Amino acid sequence: MPGQTCYFSTRVILSALLLFLLFGCNRQDGGGEVPSGAVHLEVWAHAGQEAERTVLREQVDRFRQHAPEIDITLVFIPERDYNAQVQAAAIAGDMPDILEFDGPYLSNYIWQNQLIPLEGLLSPEVIADLLPSIIVQGTRGDHLYSVAAFDSGLGLFARRSQLEGIGARIPRSSSQAWSAAEFEGILRALAQSDADGAVLDMKLNYGGEWFTFGFSPILQSAGADLIERRAYQRSTGVINSPEAVAALQRVQDWIRQGLVDPNLDDAAFVTGRVALSWVGHWEYSRYREAFPDDLVLVPLPDFGRGSRTGQGSWNWGITRNCPDPQQAADFLHFLLRPSEVLAMSNANGAVPGTESAVARSPLYGIDGPLRLFAEQLMGGVSVPRPRTPAYPVITTEFQQAVQRIRNNVPVREALDRAAANIDQDIRDNHGYPFKSDQ
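Treat the numbers as computed from the prediction; the structure is a model and nothing was measured.

Q: An account of the overall build of the chain is requested, with residue identities and associated values reported.
A: Helices and strands together make up the secondary structure of the chain, namely 17 helices and 16 strands. On C-alpha atoms alone, the chain measures out to a radius of gyration of 22 Å, which is about the 22 Å that the 2.2 N^0.38 rule sets for 438 residues. Taking the principal axes of the C-alpha coordinates as reference, the chain spans close to 70 × 50 × 40 Å. Taking all 438 residues of the chain together, the buried fraction comes to 58%. Summarising the internal contacts of the chain: among those between residues at least 6 apart in sequence, 76% fall at separations of at least 24. Carbon and sulfur atoms form 49% of the exposed surface of the chain, whose accessible area is close to 17200 Å². Taken together, the 36 basic and 52 acidic charged side chains of the chain have centroids lying 6 Å from each other.

Here you go:
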């Protein structure tokens, strides 16, 4: 699942700073003797799935063999506390040389002057091979500040037999997505033969950043958004626009009508309680194991302006602390080799971050079962979460709005509150001006 973005108050950051100073991080130091005169680089990464950690350790070992003159110290930080730890390190002046971070945090780190541009350090060929979604996520102004070995997919997993049983068509691409009205008709038709009438899993058990990643595409598909994206100065009239209210009113109606499973056990789809699951790439293996011959992937419904999907995951950047940015870029070059991209993608199931790796992937290649996810990222269907330092507040407010809507608070009231709080944060921070903009 994409990284868990949270808003951290000053108190939380100071607490994290105290913990950072007292206990430090989980350092995975180099293996073997370091050559005299070697360049020492510290790399921070999130402690995600065990499979991801294993692959990254192996990649560091392979890089040491490839470039013995560069000594890498790999540091894993718990994902739940990751961004607070990074903020604490910034306050302490103890940032690493190479930093992994959740994509939507990019603007925060640029605003804080923590990252350097990469286009003069990475080869044009490597940059050209990146998925367009990764370029969009990693760019601020005229500069590319981050790259990624993988991206995320979002859509609907379905039971083919159940869709065929009600005569529903099966969309093959985002351009063929069900309309919102057609989707509602499918939900109601499925509910007629369902024991409890709940036929859709929206992963309401997840909460947190999932609500923004998974549900903000509803707004964008309806012609709304979380914030205006020209200057990123106003949420009012955007997140609470008539289009946004109408789209989320539909979702609230699905919940009120009992069409959405609360999924408290995270087993709604695999146990057959529901026919549809609104989720990302990370569930494919589990779902395929449950229904090896009956699983199909379709795009999210079209709320009026075309189907949209989320994007973005963990990115790599080089900090201003780095004494040798070109050597750090050599490490990023290594991670973006097709074989290394596929090693990580095979471990976490995510969409490979380069077009050359996608072409070689059995899951995401031209005939792969998850090809739709790659096509969405390469074809402009995916929308990055807002690239602004205000994002931590935006996502927190939207998460709370979704939770209120789920709990039957009037949609307009929930979205008005979110818009007011986001706009107030932007005013409190003088519009979040970047130094390059002043």
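Q: Just give me the short version of the domain arrangement of the chain, but keep the residues and values in it.
A: Each assigned domain of the chain is listed here: domain 1 (39-152 + 312-383) and domain 2 (154-310 + 388-428). Each of domain 1 and domain 2 has a C-alpha centre, and these two points are 28 Å apart. Each partner contributes to the interface: domain 1 provides 21 residues, whereas domain 2 provides 23 residues. For the pair domain 1 and domain 2, the summed buried surface comes to about 1900 Å²; carbon and sulfur atoms form 66% of the total. By the criterion of area lost to domain 2, the three top residues of domain 1 are Leu-372, Phe-373 and Val-383, representing 30% of everything that side buries. Applying the counting rule to domain 1 against domain 2 returns zero salt bridges. Taken together, the links from domain 1 to domain 2 amount to six residue pairs in polar contact (both at pLDDT 80 or more). Breaking the side of domain 1 that touches domain 2 down by element, the ones donating at least two residues are α4 (106-111), α15 (371-378) and β16 (382-383). For the side of domain 1 that touches domain 2, the per-class residue count stands at 12 nonpolar, eight polar and one charged.

Q: I'd like to hear about the packing of aromatic side chains, residue by residue, with values.
A: Inspection of the entire model under this criterion finds 25 aromatic pairs. For the pair Phe-183 and Trp-254, a centre-to-centre distance of 5.2 Å together with 70° between the ring planes defines the contact as edge-to-face. Of this pair, Phe-183 sits in helix α8 (residues 180-191) while Trp-254 sits in helix α10 (residues 242-256); the two residues are 71 residues apart in sequence, bridging distant segments of the chain. Arranged with centres 6.4 Å apart and planes meeting at 40°, the rings of Tyr-206 and Trp-282 form a pair that is tilted. Taken together, the positions of Tyr-206 in the loop between β9 (200-201) and α9 (209-221) and Trp-282 in the loop between β11 (276-280) and α11 (284-290) put the pair 76 residues apart, joining distant regions of the chain. What makes Tyr-206 partly exposed here is its relative accessible area of 23%. Here a set of aromatic residues connected by ring pairs shows up, and it is made of Trp-178, Phe-183, Tyr-206, Trp-210, Phe-211, Phe-213, Phe-215, Trp-254, Trp-278, Trp-282 and Phe-303.

Q: So what's going on with the nonpolar core? Residues and values would help.
A: Phe-157, Leu-200, Phe-215, Trp-254, Leu-276 and Trp-278 are the most contacted members of the largest nonpolar core, which totals 139 residues. Viewed by domain, this core spans two of them, domain 1 (39-152 + 312-383) and domain 2 (154-310 + 388-428), each represented by three or more residues.

Q: Any details on the sheet that holds β11? Residues and values, ideally.
A: Reading across from one edge, β10-β9-β11-β8-β12 is the order of the five strands in this open sheet, with mixed pairing throughout. Two strands in the sheet have a free side with no partner beyond their single neighbour: β10 (260-261) and β12 (295-298). Here β9 runs beside β11; their pairing, made up of two bridges, is parallel. When the sheet's bridge partners are listed, Asp-201 is paired in β11 with Ser-277. Lying on the sheet, α9 is in contact with β8 (154-159) and β11; it crosses β11 at an angle near 115°.

Q: Give a description of the environment of Asn-429 that names residues and reports values.
A: Relative to the assigned elements, Asn-429 resides in the segment after α17 (411-428). We classify Asn-429 as partly exposed; its relative accessible area is 24%. For Asn-429 and Pro-389, which are 40 residues apart along the polypeptide, the C-alpha to C-alpha distance reads 9.6 Å.

Q: Talk me through the pairing of strand β2 (residues 39-47); I want residue IDs and the actual numbers.
A: Regular strands place their side chains on alternate faces of the sheet. Counting buried positions along β2 gives seven out of nine residues, so the element sits mostly inside the fold. Both β2 and strand β3 (residues 70-78) contribute to a ladder of nine bridges, which runs parallel. Each bridged residue has a counterpart across the sheet, and for His-40 the counterpart in β3 is Asp-71. Since β2 and β3 lie parallel, the crossover through helix α2 (residues 50-66) that links them has a hand, and here it is right-handed. Where β2 lies against strand β4 (residues 98-102), two bridges are found, and the strand directions are parallel. Looking at β4, one finds that Trp-44 is bridged to Leu-99.

Q: Lay out the confidence of the model for the chain in plain terms, naming residues and giving numbers.
A: Model confidence for the chain is summarised by a mean pLDDT of 91, while 91% of its residues fall at 70 or above. Considering only residues more than four positions removed or in separate chains, one finds that residues 4-24, a stretch of pLDDT under 50, has 38 contacts.

Q: Summarise the packing of α9 against helix α16 (residues 391-406); cite the residues concerned and give the values.
A: Two measures define how a pair of helices packs: the angle their axes make with one another and the distance between the axes. Contact geometry of α9 with α16 gives a least axis separation of 9 Å together with a crossing angle of 80°. The pairing of α9 with α16 is recorded here as roughly perpendicular in orientation. On α16, the residues touching Glu-209, Phe-211, Thr-212, Phe-215, Ser-216 and Leu-219 of α9 are Tyr-391, Thr-395, Phe-398, Gln-399, Val-402, Gln-403 and Arg-406. Taken together, the residues of the contact of α9 with α16 sort by class into six nonpolar, five polar and two charged.

Q: Quick one: what's the story with the environment of Ala-268, residue by residue and with numbers?
A: With respect to the helices and strands, Ala-268 occurs in the loop between β10 and β11. Sequence-wise, Ala-268 and Ala-198 are 70 residues apart; in three dimensions their C-alpha atoms are separated by 9.4 Å. Ignoring sequence-local partners within four residues, the contact set of Ala-268 consists of Asp-201, Asp-261, Asn-263, Arg-273 and Val-274.

Rules used in this analysis
Residues numbered from 1 in each chain as written. Predicted model: local features only at pLDDT ≥ 70, side-chain atom pairs only at ≥ 80, totals over all residues. Heavy atoms only, no water. Helix = DSSP H or I, 4+ residues; strand = E, 2+ residues; numbered from the N terminus. Rg over C-alpha atoms; globule rule 2.2 N^0.38 Å. Buried < 20%, exposed > 50% of the residue type's maximum accessible area, 1.4 Å probe, protein only. Contact = heavy atoms within 4.5 Å. Areas by Shrake-Rupley, 256 points an atom, 1.4 Å probe, with all protein chains shown as cover. Lys, Arg positive; Asp, Glu negative; His and termini not counted. Charge placed at Lys NZ, Arg CZ, Asp CG, Glu CD. Domains from an automatic or database assignment. Buried area = accessible area lost by both parts, 1.4 Å probe. Salt bridge = Lys/Arg side-chain N within 4 Å of Asp/Glu carboxyl O. Polar contact = N/O pair within 3.5 Å; in protein donor to acceptor, adjacent residues only side chain to side chain. Nonpolar A, V, L, I, M, F, W, Y, C, P; charged D, E, K, R; others polar. Phe/Tyr/Trp six-rings, centres within 6.5 Å; stacked < 30°, edge-to-face > 60°. Core = buried A, V, L, I, M, F, W, Y, C linked by side-chain atoms within 4.5 Å. Pairing = 2+ DSSP bridges. Axes fitted to C-alpha atoms, helices over the stretch in contact; angles between N-to-C directions. Right-handed = clockwise from strand over helix to strand, strands pointing away. pLDDT = per-residue confidence, 0-100. Parallel < 35°, antiparallel > 145°, perpendicular 65-115°, else oblique.

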